[in-house]
Amino acid sequence: MPQLVYLQIGSHNFEQFQLAVASVRCVEPDAEIVLYTDQLAEGLAEVEVRPWRVKGAPDLARCGSTSFARLTHEKIQVMRDALQRADGFIVFSDVDIMACKPFMEAARKAAQLRPVSISSEGDGRLPVQLCSGLLILKEGNAAMRFLDLWAEHHLAMLAVQPNAHDQDAFNDLVQSRLDLEDTWGALPFMFAAPGWLYH
């Protein structure tokens with residue numbers, strides 16, 4: 001069965017993760033939820049907890065800081081680990097995305113179309129960009145290769161731009177590598193609403 005995968009490093013925003021899970025349970029009560037975390041995650045009913053350590057990770061990494069940029073690289077590693085254990089596909093979600101309607105069937109259809117599907121955000125005031133807060137990854141070599149290329153690209157960017165996030169690296173990679181066009185695609189606009197709507 002497909003899994004909904006989260007990464008929570010540090011105790012900051014743990015309450016947001018709990019709200020996200022509660023929202024998922026309302027619309028997808030049978031969803032298999034996996035949490036990668038460095039925290040003692042007690043009392044999380046029906047959530048598979050997978051310990052995940054990040055060397056030197058600060059408890060409260062500020063968005064935009066170099067430490068936060070390094071933390072975002074862990075998302076790609078978590079996706080790799082989850083995909084290696086996957087049966088079909090996974091949905092990777094940031095903890096600040098709330099489920100407002102059923103989504104697993106739409107995710108299944110996206111996984112049938114391509115190995116990597118990513119959300120997009122923006123509106124009339126903001127440029128539309130690909131958002132790595134929500135991805136659908138289909139089990140197989142194509143998605144794993146893409147994740148490897150993304151991770152390498154992110155590390156190269158961090159070497160010259162220490163505050164580059166995983167999302168920056170994703171956008172830069174797909175704009176510079178046209179040979180990857182058949183591997184990835186954007187989900188319909190607002191498939192996932194931007195997390196800042198919930199803060």
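Anyway, here's the lowdown on the structure attached to this text.

A word on the overall build of the protein chain. The helix and strand inventory of the protein chain stands at five helices and seven strands. Ordered by position in the sequence, the α and β elements of the protein chain form the string β-α-β-β-α-β-α-β-β-α-α-β. Looking at the protein chain residue by residue over its 199 residues, the buried ones come to 53%. Once local pairs closer than 6 in sequence are excluded, the contacts in the protein chain between residues at least 24 apart make up 70%. Summed over its atoms, the accessible surface of the protein chain is roughly 10,000 Å², and 53% of this surface lies on carbon and sulfur atoms.

In this section: the pattern of salt bridges. Pairing between side chains of opposite charge can happen when their charged atoms approach one another. Taken as a whole and judged by the stated rule, the model has seven salt bridges. Note that Lys75 is salt-bridged to Asp166, the shortest N-O span being 3.1 Å. Of this pair, Lys75 sits in helix α2 (residues 66-84) while Asp166 sits in helix α5 (residues 166-176); the two residues are 91 residues apart in sequence, bridging distant segments of the chain.

The subject of this paragraph is the side chain of Ser93. Tracing the backbone shows Ser93 in strand β4 (residues 89-93). Among the residues examined, Ser93 registers a relative accessible area of 3% and is labelled buried. Beyond its immediate sequence surroundings of up to four residues, Ser93 is in contact with Leu4, Val5, Tyr6, Gly133 and Leu134.

Classification of Lys75 by relative accessible area gives buried; the value is 9%. Of note is the side chain of Lys75, whose polar atom sits 3.1 Å from the backbone oxygen of Ser132. When near neighbours in sequence (up to four residues on either side) are disregarded, Lys75 contacts Leu7, Phe92, Asp94, Ser132, Gly133 and Asp166.

Below, the discussion takes up helix α3 (residues 104-113). Of all the positions in α3, only Met104, Ala107, Ala110 and Ala111 are classed as buried. Looking down the long axis of α3, one finds its buried residues gathered within 115 degrees of arc, a one-sided arrangement. The exposed residues of α3 that point more than 90 degrees off its buried face are Lys109, Gln112 and Leu113. Residues of α3 that are buried sit in contact with β1 (3-8), β4, β5 (116-121) and β6 (129-138).

Our focus in this paragraph is the packing of aromatic side chains. Tallied over the full model, the rule gives six aromatic pairs. When the ring of Phe14 is compared with that of Phe17, the centres are 5.7 Å apart and the planes differ by 50 degrees; the resulting orientation is tilted. Of this pair, Phe14 and Phe17 are both found in helix α1 (residues 14-27), three residues apart, which corresponds to roughly one turn of the helix. Phe14 gets classed as buried once you look at its relative accessible area, which sits at 13%. Given a relative accessible area of 0%, Phe17 falls into the buried group. Between Trp150 and Phe170 the ring centres are 5.0 Å apart and the planes differ by 90 degrees, which places this aromatic pair in the edge-to-face class. Of the two residues, Trp150 sits in helix α4 (residues 141-160) while Phe170 sits in helix α5, which places them 20 residues apart along the sequence.

Rules and cut-offs
Residues numbered from 1 in each chain as written. Predicted model: local features only at pLDDT ≥ 70, side-chain atom pairs only at ≥ 80, totals over all residues. Heavy atoms only, no water. Helix = DSSP H or I, 4+ residues; strand = E, 2+ residues; numbered from the N terminus. Buried < 20%, exposed > 50% of the residue type's maximum accessible area, 1.4 Å probe, protein only. Contact = heavy atoms within 4.5 Å. Areas by Shrake-Rupley, 256 points an atom, 1.4 Å probe, with all protein chains shown as cover. Salt bridge = Lys/Arg side-chain N within 4 Å of Asp/Glu carboxyl O. Polar contact = N/O pair within 3.5 Å; in protein donor to acceptor, adjacent residues only side chain to side chain. Arc of directions from axis to C-beta. Phe/Tyr/Trp six-rings, centres within 6.5 Å; stacked < 30°, edge-to-face > 60°.

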